[in-house]
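# Residue-level structure breakdown
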Amino acid sequence: MRLPKSALAALLILSRAGAAEAQTVIDGSDAGVGAEAARTALSLIGQQMRDPEAKVAHLRIGRAGALCGTVDVRNRMGAYTGPRPFVADLPEKFLGRLPEGPELRSPGSMAAFRAMERAKALFEANCTAG
């Protein structure tokens, strides 16, 4: 049986829509922070990083109550770029990856600059040895 092209296109769209929630905690650290916190963090990562296959690890609750961890996302070429630290203020629905390189030198907007500064301050208050 041969499916029409429109049916194949619909199946492809549906399969990709389901993958949008496929961010995973690869090291089991979600057990230490609780299912709800992990789900919220994965949802925020999915919204902000726009990588349906982001790899999350090293989740822990920080000193001041924010969620700390690392996230590895793919670049435009499809290759993973390496894990980078992130911090999330779950009640505020804020998640920020620690900025590096070009992001530090040239934030895209004033809002991006404020988010970067907030992420740096939250990370310092929660996720650094201290």
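For the structure given in this document, a descriptive report is provided here. (Residues numbered from 1 in each chain as written. Predicted model: local features only at pLDDT ≥ 70, side-chain atom pairs only at ≥ 80, totals over all residues. Heavy atoms only, no water.)

Looking now at the state of the cysteines. Per the stated rule, a full pass over the model turns up 1 disulfide. The partner cysteine of C68 in its disulfide is C127, sulfur to sulfur 2.0 Å. Torsion about the S-S bond of the C68 and C127 cystine: about -85 degrees, corresponding to left-handed handedness. Of this pair, C68 sits in strand β3 (residues 67–72) while C127 sits in the segment after α5 (110–126), and the two are 59 residues apart along the sequence. Judged by relative accessible area, which is 0%, C68 ranks as buried. Note on C127: relative accessible area 11%, which makes it buried. (Disulfide = S-S within 2.5 Å. Helix = DSSP H or I, 4+ residues; strand = E, 2+ residues; numbered from the N terminus. Buried < 20%, exposed > 50% of the residue type's maximum accessible area, 1.4 Å probe, protein only.)

Working definition: the strands of a sheet are paired by backbone hydrogen bonds and lie parallel or antiparallel to each other. In spatial order, the strands read β1-β2-β3-β4-β5; together these 5 strands make up an open sheet with mixed pairing. The strands lining the two open edges of the sheet, one partner per strand, are β1 (24–25) and β5 (94–97). When β3 meets strand β4 (residues 84–89), the two strands line up antiparallel, connected through 5 bridges. Paired with L67 across the two strands is A88, which belongs to β4. Strands in contact with helix α3 (residues 35–49) are β1, β2 (55–61), β3, β4 and β5; relative to β5, the strand with the most contacts, it is inclined by about 65 degrees. The sheet contacts of α5 involve β3, β4 and β5, and relative to β4 the element is tilted by about 90 degrees. (Pairing = 2+ DSSP bridges. Contact = heavy atoms within 4.5 Å. Axes fitted to C-alpha atoms, helices over the stretch in contact; angles between N-to-C directions.)

Before going further, it helps to examine α5. If you check α5, its first and last C-alpha atoms are 24 Å apart, about what 17 residues at 1.5 Å a residue would give, namely 24 Å. Taken together, the buried positions of α5 are M116, A119, L122, F123 and N126. Along the axis of α5, the buried residues cluster in a sector spanning 135 degrees; they form a single face. Opposite its buried face, α5 presents the exposed residues M110, R114 and E124, each directed more than 90 degrees away. At its buried positions, α5 is contacted by β3, β4, β5 and α4 (102–105). (Expected span 1.5 Å × (residues − 1). Arc of directions from axis to C-beta.)

Positive phi, close to 55 degrees, is recorded for R50, a residue that is not glycine. Take R50: it is sitting in the loop between α3 and β2.

Taken as a whole and judged by the stated rule, the model has 5 salt bridges. Across the salt bridge formed by R74 and E53, the nearest N and O atoms sit 3.6 Å from each other. Here R74 is found in the loop between β3 and β4, whereas its partner E53 is found in the loop between α3 and β2, with 21 residues between them in sequence. On the accessibility criterion, R74 (29% relative accessible area) is partly exposed. Between D89 and R118 there is a salt bridge; the shortest N-O distance is 3.5 Å. Note that D89 is positioned in strand β4 and R118 in helix α5, a separation of 29 residues in sequence. According to the relative accessible area criterion, R118 is partly exposed, its value standing at 34%. (Salt bridge = Lys/Arg side-chain N within 4 Å of Asp/Glu carboxyl O.)

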